[in-house]
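# Structural overview
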Amino acid sequence: MRSYPLPRVLTLLCGLLLFACLPGDGNVAVDPGNPEPVVFEVPKGASGGGLGAKLVREGLVSSEFNWKIFLKRGADASCIKAGKFQLSRAMTMTEILAALCGPPLADDVPFLVVEGWRIRDIDKELADKGWIEAGQYADVTTNKSVEPPFPVESPTYEGYLYPETYMVPNGEVDVKRLVARQLETFQERFLSKHPDGFGKRTLHQIVVVASMLEREEPKPENRPIVAGIIYKRLDRNFGLGIDATSHYKLENWNDRKGLLAALRDENDPYNTRLKPGLPPTAIGNPTLASLEAAVAPQASEWLYYLHDKDGNIHPARTAAEHEANRKKFGVY
């Protein structure tokens, strides 16, 4: 075995173990190939030197000794703020200190977009919390002011704003950023699962039908049956007669007087009692269950359906059977 003089061995070790040979070197990272974000919290009243142990536990610096030597060599830690910061093990101590002296992460809070909510409902909830000006979210989503990650045929983003709990800043929400996240979530949760498209149906048709399923059928397991009936009526040029579409433009979804007026409005494009085909946009933002039901409708003999007062579905094959169900269950 070839032997080396001790000084050369030490030189080789210094090359391999830079931390040990150059303590406090602020230009060396613990793991340069690992940019995975690490949220690091600086407690109130913590000093720069006192953060060493916590930085070591998080794997952000190699040792307390190195961190303290780094600071003693002139790095000014007096600017460090309390709060949460996004760091990584690929950052050098110089970069870590700069991040800790920068603005902390916002104290995000959860914001729930409820299944089936319309653009107007999301806008109202954000405005009621004082996070946006009323109409700000509606303006961005109806005018499609955010570039979508996939083509959207619809004139607005109604139906594509995936219902989910999103973490947002507690105080003022960046509307465009929230909308972009909703569109990305729609793509990740649903659209990415269908790379080959939807056969003879377009994405727009799928989303509109899914939004109706969300409102029409309370039981997810029945939605494929309802989807099959809707498509059958569309393909036969039958009117859909889905009253949920006439609720869509009402400020209050459950406004009974407003609904009766909408059902008589021949100029309302959302009146599927009087207008053939699908409404121009979705009537809310559907869940994955409704979207998948719209993709995979269940074939059946049914052409009509209604729900009783308990929400149970009663399908029918003919207009006469449907009328008999109306009388039996008192639905008009």
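Remember, it's a predicted structure, so these values are computed and weren't measured experimentally.

What follows is about the overall build of the protein. The secondary structure content of the protein amounts to 14 helices and 6 strands. Its C-alpha atoms give the protein a radius of gyration of 30 Å, clearly above 20 Å, the size a compact globule of 332 residues would have. For the protein, the proportion of its 332 residues judged to be buried stands at 44%. Within the structure as shown, the protein displays about 17,800 Å² of accessible surface, and the carbon and sulfur contribution to it stands at 52%. Distance between charge centroids for the protein: 2 Å, based on 40 positive and 43 negative side chains.

Further remarks concern the nonpolar core. Grouped together as the largest cluster of nonpolar side chains are 57 residues, with contacts concentrated most on Leu126, Tyr137, Val179, Phe186, Leu203 and Ile230. Those elements that place two or more of their residues in this core are strand 3 (108–112), helix 6 (119–128), helix 7 (136–142), strand 4 (165–169), helix 8 (175–189), helix 9 (203–216), helix 10 (223–235) and helix 13 (288–295). Broken down by element, the residue count for this core peaks at 8 residues, all from helix 9. With near-sequence residues (within four places) excluded, Leu126 lies in contact with Phe111, Trp131, Ile132, Tyr137, Val173 and Leu178. Core analysis: the next-biggest nonpolar cluster, separate from the first, contains 21 residues, Val38, Phe40, Phe70 and Ala75 among them.

With that settled, consider the pairing of strand 1 (residues 37–42). Side-chain alternation along strand 1 places Val38, Phe40 and Val42 on a buried face and Pro37, Val39 and Glu41 on a face that remains uncovered. Note: strand 1 against strand 2 (residues 83–88), 6 bridges, orientation antiparallel. Residue pairing in the sheet places Pro37 in a bridge with Ser88 of strand 2.

This part takes up the pattern of salt bridges. Per the stated rule, a full pass over the model turns up 12 salt bridges. Among the ionic pairs, Lys124 bridges to Asp128, the shortest N-O distance being 2.7 Å. On the criterion of helical spacing, the pair formed by Lys124 and Asp128 is a turn pair, its members being 4 residues apart in helix 6. Relative accessible area serves as the criterion here: at 53%, Asp128 is assigned to the exposed category. Arg317 is paired through a salt bridge with Glu301; the nearest N and O atoms lie 3.6 Å apart. Here Arg317, found in the loop between strand 6 (313–316) and helix 14 (319–329), pairs with Glu301, found in the loop between helix 13 and strand 5 (304–307); they are 16 residues apart in sequence, far enough to count as distant. Via salt bridges that share partners, Lys200, Arg201 and Asp235 belong to a single interconnected network.

Here the focus is the state of the cysteines. Two cysteines whose sulfur atoms are joined by a covalent bond form what is called a disulfide. Evaluation of the coordinates by the stated rule reveals 1 disulfide. Here Cys79 connects covalently by a disulfide to Cys101, the sulfurs 1.9 Å from one another. Disulfide Cys79 to Cys101: torsion about the S-S bond roughly 60°, handedness right-handed. Here Cys79, found in the loop between helix 4 (64–72) and strand 2, pairs with Cys101, found in the loop between helix 5 (93–100) and strand 3; they are 22 residues apart in sequence, far enough to count as distant.

The terminal C-alpha atoms of helix 10 lie 18 Å apart, and with 13 residues this matches the ideal 18 Å at 1.5 Å per residue to within 8%. Most of helix 10 sits out of view: 12 of its 13 residues are buried. Buried residues of helix 10: Arg223, Pro224, Ile225, Val226, Ala227, Gly228, Ile229, Ile230, Tyr231, Lys232, Arg233 and Leu234, and no others. Positive backbone phi, at 60°, marks Asn237, one or two positions downstream of helix 10.

Right, let's get into helix 4. Listed as buried for helix 4 are Asn66, Trp67, Ile69, Phe70 and Leu71. One or two positions beyond helix 4, positive phi appears at Gly74, with a value near 120°.

The next subject is the confidence of the model for the protein. For the protein, per-residue confidence averages 91 on the pLDDT scale, and residues scoring 70 or more make up 93% of the total. Taken together, the stretch residues 1–21 has pLDDT below 50 and engages in 10 contacts with residues farther than four places along the chain or on a different chain.

Looking now at the environment of Glu217. Inspection of the secondary structure puts Glu217 in the loop between helix 9 and helix 10. Between the alpha carbons of Glu217 and Ala227 there is a distance of 9.7 Å; along the sequence they are 10 residues apart. When residues no more than four places from it in sequence are discounted, the contact partners of Glu217 are Asn222, Arg223, Val226, His307 and Ile313. Reaching out from Glu217, the side chain makes a polar contact with the backbone nitrogen of Lys219 at a distance of 2.9 Å.

Turning next to the packing of aromatic side chains. Following the criterion strictly, the structure yields 8 aromatic pairs and no others. With centroids separated by 5.6 Å and ring planes inclined at 40°, the aromatic side chains of Trp67 and Phe70 adopt a geometry described as tilted. Here Trp67 pairs with Phe70, and both are found in helix 4, just 3 residues apart, close to one helical turn. Judged by relative accessible area, Phe70 falls into the buried class, the value being 8%. Ring centres of Phe111 and Trp131 lie 6.0 Å apart, and the angle between their planes is 70°; this geometry places the pair in the edge-to-face category. Taken together, the positions of Phe111 in strand 3 and Trp131 in the loop between helix 6 and helix 7 put the pair 20 residues apart, joining distant regions of the chain. Accessibility classification places Phe111 together with Trp131 in one group, the buried group.

The rules behind the values
Residues numbered from 1 in each chain as written. Predicted model: local features only at pLDDT ≥ 70, side-chain atom pairs only at ≥ 80, totals over all residues. Heavy atoms only, no water. Helix = DSSP H or I, 4+ residues; strand = E, 2+ residues; numbered from the N terminus. Rg over C-alpha atoms; globule rule 2.2 N^0.38 Å. Buried < 20%, exposed > 50% of the residue type's maximum accessible area, 1.4 Å probe, protein only. Areas by Shrake-Rupley, 256 points an atom, 1.4 Å probe, with all protein chains shown as cover. Lys, Arg positive; Asp, Glu negative; His and termini not counted. Charge placed at Lys NZ, Arg CZ, Asp CG, Glu CD. Core = buried A, V, L, I, M, F, W, Y, C linked by side-chain atoms within 4.5 Å. Contact = heavy atoms within 4.5 Å. Pairing = 2+ DSSP bridges. Salt bridge = Lys/Arg side-chain N within 4 Å of Asp/Glu carboxyl O. Disulfide = S-S within 2.5 Å. Expected span 1.5 Å × (residues − 1). pLDDT = per-residue confidence, 0-100. Polar contact = N/O pair within 3.5 Å; in protein donor to acceptor, adjacent residues only side chain to side chain. Phe/Tyr/Trp six-rings, centres within 6.5 Å; stacked < 30°, edge-to-face > 60°.

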